[in-house]
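Chain and residue survey
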Amino acid sequence: MENEEKYIREKVGQKNPFTVPEGYFDQLTSQVMSQLPERRQKSRVVQLRKWFYAAACVAAVAVMGLTYHFHQQADDQAVVASVDSNTDNSYIDEAADYAMLDNTEIYAYLAEN
């Protein structure tokens, strides 16, 4: 490997054969920028994306709001149902206390019917 490198250096020498023209990098930026397409085409796409994202956010908030609303209604109905069932049980308990009945007597009366 080293022999090959020595051979190439002897034939070609140490001088770099590649050169850059004078002022090439000074003009490079302006040449590249002049060849780029206009940005107006991309701005329409960006505007459409912004509207799409805004619509998606509004739809997400609406779905979350409706879900919360219907969930809240279901909870309210469950509370009303539990209050109704508790009211029925408390009435039976009050009636049993008034009649001075204990659980065994209540079970005996229910078994007879």
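A quick note: this is a predicted structure, and the numbers were derived from the prediction, not measured.

**Some points on the overall build of the chain**
Looking only at helices and strands, the chain has four helices and zero strands in total. Counting every atom, the chain has about 11500 Å² of accessible surface; 59% of that belongs to carbon and sulfur.

**Focus on helix α1 (residues 2-12)**
For α1, the tally of buried residues reaches only zero of 11 residues, placing the bulk of the element at the surface. Once α1 ends, the next one or two residues include G13, with phi positive near 100°.

**Focus on the packing of aromatic side chains**
One pair of aromatic rings is described through two measures. These are the centre distance and the angle between the planes. Taken as a whole and judged by the stated rule, the model has two aromatic pairs. Taking 6.0 Å as the distance between ring centres and 55° as the angle between the ring planes, the aromatic pair formed by F52 and Y53 counts as tilted. Judged on exposure class, the residue F52 and its partner Y53 are both exposed.

**Let's talk about the confidence of the model for the chain**
With 81% of its residues at a pLDDT of 70 or more, the chain has an overall mean of 78. Of all the helices and strands in the chain, helix α3 (residues 40-99) carries the lowest mean pLDDT, 76, while helix α2 (residues 24-35) carries the highest, 86.

**Considering a nonpolar patch on the surface**
Together, Y7, I8 and V12 make up a nonpolar patch on the protein surface, roughly 330 Å² of accessible area in all. Here I8 is to be found in helix α1.

Parameters at a glance
- Residues numbered from 1 in each chain as written.
- Predicted model: local features only at pLDDT ≥ 70, side-chain atom pairs only at ≥ 80, totals over all residues.
- Heavy atoms only, no water.
- Helix = DSSP H or I, 4+ residues; strand = E, 2+ residues; numbered from the N terminus.
- Areas by Shrake-Rupley, 256 points an atom, 1.4 Å probe, with all protein chains shown as cover.
- Buried < 20%, exposed > 50% of the residue type's maximum accessible area, 1.4 Å probe, protein only.
- Phe/Tyr/Trp six-rings, centres within 6.5 Å; stacked < 30°, edge-to-face > 60°.
- pLDDT = per-residue confidence, 0-100.
- Patch = residues over 30% accessible without salt bridge, like charges linked within 9 Å, V, L, I, M, F, W, Y side chains within 5 Å.
- Salt bridge = Lys/Arg side-chain N within 4 Å of Asp/Glu carboxyl O.

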